[in-house]
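# Architecture and fold: a report
Chain residues, written in single-letter form:
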Amino acid sequence: MGDMGIRSGMKRFWLGAGAMAALTAAGVALAAPAKPVPYWASLAQDEARMRVGPSLDYPSNWVYRRRDLPVKVVQVLGLWRKVEDPEGAQGWMHVRLLSDTATGIVKAEVAPLHQSASDGARTLFRAQRGVVGRLSDCSGGWCTFDVKGQRGYVKASDLWGATDK
């Protein structure tokens, strides 16, 4: 009976020690920024507030109502990110409002979406200034741009967003 109590106590000790090590490792992972700034992000919510400081105590200076809008993260402070929007406005957003989804916004008056990454390729669609889409495969000055299922290749120079991959 005495051995049983000792083994049970040791088992609890090692389980507790393992849990503490896991929590400590998780705390270190959460505290460290995942990537160096600046980096690209996008809005993960249909509504996101930009604040003048890194806390809910600070007032909102902008309210965005556009999921997937690209933003550039320029500073990290705990769970807060200082971001820059496509117009150059800067402020703070909580990390839960942001996504790593690569997106872009058309900055040209009209951006043709081509069938392939070439000026001579057939134009499939045209996107006007302000259209937001998801990006993939940005290389050689071209990006695959998907706007609600309408997909084509757009010149990276016609976009603002995660085009530097």
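This text goes with the structure placed above it.
What counts, and where the lines are drawn
- Residues numbered from 1 in each chain as written.
- Predicted model: local features only at pLDDT ≥ 70, side-chain atom pairs only at ≥ 80, totals over all residues.
- Heavy atoms only, no water.
- Phe/Tyr/Trp six-rings, centres within 6.5 Å; stacked < 30°, edge-to-face > 60°.
- Helix = DSSP H or I, 4+ residues; strand = E, 2+ residues; numbered from the N terminus.
- Buried < 20%, exposed > 50% of the residue type's maximum accessible area, 1.4 Å probe, protein only.
- Core = buried A, V, L, I, M, F, W, Y, C linked by side-chain atoms within 4.5 Å.
- Contact = heavy atoms within 4.5 Å.
- Pairing = 2+ DSSP bridges.

To continue, consider the packing of aromatic side chains. Within the structure shown, the criterion is met by 1 aromatic pair. Arranged with centres 4.8 Å apart and planes meeting at 85°, the rings of Trp 40 and Trp 160 form a pair that is edge-to-face. Taken together, the positions of Trp 40 in strand β1 (residues 39-43) and Trp 160 in strand β14 (residues 159-161) put the pair 120 residues apart, joining distant regions of the chain. Overall, Trp 40 belongs to the buried group, its relative accessible area being 18%. A residue is classified by how much of its surface remains accessible, and Trp 160, at 17% relative accessible area, is buried.

The biggest cluster of nonpolar side chains holds 31 residues, and the ones touching the most others in it are Leu 43, Met 93, Leu 98 and Leu 135. With 4 residues, β1 is the single largest residue contributor to this core. Not counting residues up to four positions away in its chain, the partners in contact with Leu 135 are Ala 102, Thr 103, Gly 104, Cys 143, Thr 144, Phe 145, Leu 159, Ala 162 and Thr 163.

Take the pairing of strand β5 (residues 80-84) next. Both strand β4 (residues 70-77) and β5 contribute to a ladder of 5 bridges, which runs antiparallel. Across the sheet, residue Val 76 finds its bridge partner in β5, namely Arg 81. The hairpin formed by β4 and β5 contains 2 residues between the paired strands, and Gly 78 there has a positive phi angle of roughly 60°. Relative to strand β6 (residues 90-94), β5 runs antiparallel, the two being bridged by 5 bridges. If you follow Arg 81 over to β6, its bridge partner there is Met 93. With antiparallel pairing between neighbouring strands as the criterion, β5 and β6 make up a hairpin whose turn holds 5 residues, including Gly 88 at a positive phi of roughly 95°.

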